[in-house]
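# Inside the fold
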Amino acid sequence: MDSITEKIRVLKERRGAVILAHNYVCPEVQDIADFVGDSLELSIKARDAKAEVIVFCGVSFMAETAKLLSPDSTVLHPVREAGCAMADMAKAEDIASWRKAHPGAVIVAYVNTTAAAKAQVDICCTSANAEKVIRSIPEGKEIMFLPDRNLGRNVMNSTGRKMALWPGFCPVHDRIEKAALEAARKAHPGALLMVHPECAPEVAAAADTALSTGGMLRFVAQSEAKEFIVGTESGIIHRLKKENPGKVFYPLLPLPTCADMKKLRPEDILASLESGCGEVVLPQEIMERARLPVDRMLAL
Ligand code: 13P
Ligand code: SF4
């Protein structure tokens, strides 16, 4: 064990901390974490952690969600500037204006939104439960889905529900083209092809399956297949390989990389545990209002 890992272990115990990490962060951080998962799994872990301190290794909206669900814990997000470009595409004031123009509508927000944006919506979803959340809304209700137009279109296709879509997108997944899938299939004809539902519908349709990152891990673990093409952020390949030593993984090319997910290094975790820097602090009013849509999602 190297000295940073050892120092983190000692401090973590002293401070009663738990380290949560998203499937996309760099391998060194994943290996230090107590739990690695997708957005939904991490929200549930944060809610149930009952830890003095939660060190959240991911992007800002995920750390904010952990704070909403664990208001009594100190939540540390060691690199506060690690944000999500898609989350920044839905501003709270624009959502409030849309609501005014559509007073009877249900507003569904992907968890990839800021806490201020969540405070304006009715229910949240992740890519793992989006279909379930949309199906829970009574037929005939007007629905607005934000901010990811691709996830929205994919869910409209699978549920048959009509929704108004926000014009947001994930720059990492929206950039993935059908041609990249075709090239990967040609290079690896025996492999199953997985993509994330943040990809465009024509890309999702060209894959064998479109799943959340947690869904991909379960799909691979249960599959008889030995080779997989991975159509999402490259960080997940570390866990896929670690948990499936007999299987082979090919990333799509060009390699999908989220620069914000890669900002966090083990040194930042150590500094945050030592000094308390990176604490997530949200205004009380936002905490109260933004928690409701997340709680509604988790109650389904
Ligand atoms: P998951 O919930 O599938 O882990 O996705 C989070 C994310 O940010 C995808 O870009
Ligand atoms: Fe946001 Fe896309 Fe990065 Fe996920 S991969 S955190 S959606 S920018």
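These lines cover the structure that appears in this document, whether it is placed above or below.

## Quick look at the overall build of the protein
Within the protein, the secondary structure is distributed over 15 helices and 12 strands. By the compact-globule yardstick of 19 Å for 300 residues, the protein fits well, its C-alpha radius of gyration being 19 Å. Expressed along its principal axes, the backbone C-alpha trace of the protein runs to roughly 55 × 50 × 30 Å. Looking at the protein residue by residue over its 300 residues, the buried ones come to 55%. Long-range contacts, defined as pairs at least 24 residues apart, comprise 62% of the intrachain contacts of the protein with a sequence gap of at least 6. Element-wise, carbon and sulfur atoms account for 53% of the exposed surface of the protein, whose accessible area totals about 12,900 Å². Between the centroid of the 37 positive side chains of the protein and the centroid of its 39 negative side chains there is a distance of 3 Å.

## So, the site of ligand 2
Close to ligand 2 lie Y24, V59, C84, A85, M86, N112, C170, E198, C258 and M261. Looking at the shell around ligand 2 residue by residue, the class counts come to 8 nonpolar, 1 polar and 1 charged.

## Here we look at the environment of I4
Relative to the elements of secondary structure, I4 occurs in helix α1 (residues 3-15). Here I4 falls in the partly exposed class, since its relative accessible area comes to 23%. Each C-alpha atom of the pair I4 and L270 lies 7.1 Å from the other, and the pair is 266 residues apart in sequence. Excluding residues that lie within four positions of it along the chain, I4 makes contacts with P266, E267 and L270.

Conventions we followed
Residues numbered from 1 in each chain as written. Chains lettered and ligands numbered in written order. Predicted model: local features only at pLDDT ≥ 70, side-chain atom pairs only at ≥ 80, totals over all residues. Heavy atoms only, no water. Helix = DSSP H or I, 4+ residues; strand = E, 2+ residues; numbered from the N terminus. Rg over C-alpha atoms; globule rule 2.2 N^0.38 Å. Buried < 20%, exposed > 50% of the residue type's maximum accessible area, 1.4 Å probe, protein only. Contact = heavy atoms within 4.5 Å. Areas by Shrake-Rupley, 256 points an atom, 1.4 Å probe, with all protein chains shown as cover. Lys, Arg positive; Asp, Glu negative; His and termini not counted. Charge placed at Lys NZ, Arg CZ, Asp CG, Glu CD. Near = heavy atom within 4 Å. Nonpolar A, V, L, I, M, F, W, Y, C, P; charged D, E, K, R; others polar.

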